[in-house]
Amino acid sequence: MPDSGPETPPKPRPSPPKAPPAKAAPQTAPAKAVAPKAATPKTAPPKAAPPKAAPGPTAEVATAAGEVRNESKPASQPNPSPKPRVEPTPWRDRKRVLVLQGGGALGSYQGGVCEGLTREGMAPSWVAGISIGAINAALIAGNPPELRLERMRQFWEQASSGGFFSPLASGATFGRSMVNQMSAAYIATFGAPGFFAPRFPGPMLSPPGTAEALSFYDTSPLHETLEQLVDFDLINRGDVRITVGAVDIETGNSVLFDSAEMEIGPEHIMASGALPPGFPPVWIDGRAYWDGGLVSNTPLQCVLDAETREDLLIFQVDLFNARGPMPRNLLDAEEREKDIRFSSRTRMNTDAYLRMHRIKRAMRRLIDALPPGVGEDRDLKLLTEAAQENAVAVVQLIYRKRPYEGGSKDYEFSRQTMVEHWASGLADVEHCFNHADALFAAANGAGVKTIDPGLHDQPSRRPAE
């Protein structure tokens, strides 16, 4: 019976009752059998279509013959429906990530944030940092929980232990701007203990191409400090993941050093903080690197790109505020320019991710509206996977400067200022969790949510200025 199929179709064409033998035709002569039937309306009974889709060879014919692919594909194998949505993980139970921005002396604010998160039981399992944020990240990931705050305090107390001491009482504001400028000038002249020291002679008198010719300061003290305060064996065991960013000097591209992919050492942390022309480049495996903040001062994007499945609670600690008043003089203009330059990338990354979230939501609505069996299987599967998204809550903890701080605030390492920055970080976290029910009300939903629990509108909650 199957052998007679290909020989009989030309004869019974005029007679509708003889049409059923055409069911076997696609199995042996697909192109010839389909074309005549399309030209004869009488021989296309509705009952013939479902049986054609059942055998495996019919699907192969549909794939090989482009002109009939769209006719037989929907009937041959229904497309898989999108995966059902999974309820987002409650915000307290999500994977916690701490993202630390660069900002020099302002980094002690991040120490206060770390203390506040520790008190709330919100210690991170992943820390990402740039520049001073990379140093703080190493102090967190490179120490067990019970030693983290102690090691961070050691670093910041050492860096702020220079010979300059403020004549003003704690909390004083009158004359503070002048005192801070004097402190910054002292640091620029003599360096910060355990961090960097000035070069003698300077770069102008050093051989070209050397580290001495490329920088004003020697950062070997930082290398010694990191070896004393950070357990790099602990980092490379992977208890807490760490990611730091730098810039390849020759290509100009951002480079990430991630403990999930490589062994991390002091040189990777120093490369992330090698801000020119103050600090020299750091060489790793034959490549020279500068501070990652030259390209992006906040490593938020690398976290969002690397983790697309697990729900996240991200604490993004920014040291430069994108918002600020109109400058009134050149010193104000210098400070405002620096705030905009180092904060704009953070804003751009967050806005880009929000746009991507809206696109994914639109894709899911379109996929859900498709009737069963519509579309090409592989394409629909790809789009369905792309439309899957994890729930992300980004808590933006932003340092908001005091009125007396100016353009030198990122290299003013006085003890008084360091203590105030640390206290501000702790106060911001306490405020955040004191109002957690209101602030995190929308954080349990799907997609990305941004939360700014800043204290700029509640000055009474800030330490005295």
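The model shown is predicted, which means the values in this text are computed figures rather than measured ones. (Residues numbered from 1 in each chain as written. Predicted model: local features only at pLDDT ≥ 70, side-chain atom pairs only at ≥ 80, totals over all residues. Heavy atoms only, no water.)

(A) Representation of the overall build of the chain within the structure. When you go through the chain residue by residue, the secondary structure sums to 17 helices and eleven strands. Counting across all 465 residues of the chain, residues that qualify as buried make up 46%. For the chain, long-range pairs separated by at least 24 residues make up 74% of all intrachain contacts whose partners lie at least 6 apart in sequence. Taken as a whole, the chain presents about 23,500 Å² of accessible surface, with 58% of it coming from carbon and sulfur. (Helix = DSSP H or I, 4+ residues; strand = E, 2+ residues; numbered from the N terminus. Buried < 20%, exposed > 50% of the residue type's maximum accessible area, 1.4 Å probe, protein only. Contact = heavy atoms within 4.5 Å. Areas by Shrake-Rupley, 256 points an atom, 1.4 Å probe, with all protein chains shown as cover.)

(B) Summary view of the pairing of strand β8 (residues 287-291). Bridge count between strand β5 (residues 241-248) and β8: three bridges; the pairing is antiparallel. Counterpart to A246 in the pairing with β8 is D291. As judged from the three bridges shared by strand β7 (residues 282-284) and β8, these two strands associate in the antiparallel manner. Each residue of the ladder has a partner; that of V282, found in β8, is Y289. (Pairing = 2+ DSSP bridges.)

(C) Spotlight on empty space enclosed by the protein. Evaluation of the coordinates by the stated rule reveals three cavities of 30 Å³ or more. For the largest cavity, the calculated volume is near 60 Å³. Lining of the largest cavity is provided by F195, T219, L222, M270, G273, A274, F279, P280 and V282. For the lining of the largest cavity, the per-class residue count stands at seven nonpolar, two polar and no charged. (1 Å grid on protein atoms, 1.4 Å probe; cavity = no way out; pocket = protein on both sides within 12 Å on 5 of 7 lines; lining within 4 Å. Points joined across faces, edges and corners; volume = space filled by probe spheres on them. Nonpolar A, V, L, I, M, F, W, Y, C, P; charged D, E, K, R; others polar.)

(D) Representation of the environment of E334. When you line up the elements, E334 lands in helix α14 (residues 330-369). Classification of E334 as partly exposed rests on a relative accessible area of 37%. Residues E334 and S408 lie 74 residues apart in sequence; the distance between their C-alpha atoms is 9.0 Å.

(E) Spotlight on the packing of helix α7 (residues 132-141) against helix α8 (residues 145-159). Direction vectors running N to C along α7 and α8 enclose 140°, while the axes themselves pass 8 Å from each other. What the angle tells us is that α7 and α8 run oblique. Counted together, I132, I135, N136, L139 and I140 of α7 and R148, R151, M152, F155 and W156 of α8 form the full contact between these two elements. Counted by class, the contact of α7 with α8 contains seven nonpolar, one polar and two charged residues. (Axes fitted to C-alpha atoms, helices over the stretch in contact; angles between N-to-C directions. Parallel < 35°, antiparallel > 145°, perpendicular 65-115°, else oblique.)

(F) View of the pairing of β5. The buried fraction of β5 amounts to seven of the eight residues, a majority that puts the element mostly inside the structure. The sheet contact formed by strand β2 (residues 126-130) and β5 spans five bridges and is parallel. Paired with I130 across the bridge in β5 is G245. Bridge analysis of β5 against strand β6 (residues 254-258) gives five bridges, and the strand direction is antiparallel. Bridged to G245 within β6 is L256. Linkage of β5 to β6, two consecutive antiparallel strands, is achieved through a turn of five residues, within which G252 is found at a positive phi near 75°.

(G) Seen up close, α8. Here α8 is 15 residues long and its end C-alpha atoms lie 22 Å apart, about the 21 Å a rise of 1.5 Å per residue gives. Residues of α8 that are buried: R148, R151, M152, F155, W156 and A159. Buried residues of α8 fall within an arc of 125° about the axis and therefore sit on the same side. Buried positions along α8 lie against α6 (108-119), α7, α10 (220-229) and α16 (415-434). (Expected span 1.5 Å × (residues − 1). Arc of directions from axis to C-beta.)

(H) Main features of the packing of α6 against α16. Close contact between α6 and α16 brings their axes to 6 Å; oriented N to C, the two are set at 35°. The element α6 and its partner α16 pack so that their crossing is right-handed. Counting all contacts with α6, which are made through S108, Y109, G111, G112, V113, E115, G116, L117 and R119, the residues of α16 involved are M418, H421, W422, S424, G425, L426, D428, V429, E430 and F433. For the contact of α6 with α16, the per-class residue count stands at eight nonpolar, seven polar and four charged. (Left-handed = near helix turned anticlockwise from the far one by under 90°.)

(I) Expanded view of the pattern of salt bridges. Within the structure shown, the criterion is met by 17 salt bridges. The salt bridge partner of D339 is R336, with a shortest N-O separation of 3.9 Å. Taken together, the residues span about one helical turn, with D339 and R336 both in helix α14 at a distance of three residues. Take D339: its relative accessible area is 6%, and that puts it in the buried class. A residue is classified by how much of its surface remains accessible, and R336, at 14% relative accessible area, is buried. The network of salt bridges with shared partners includes E335, R336, D339, K401 and K409. (Salt bridge = Lys/Arg side-chain N within 4 Å of Asp/Glu carboxyl O.)

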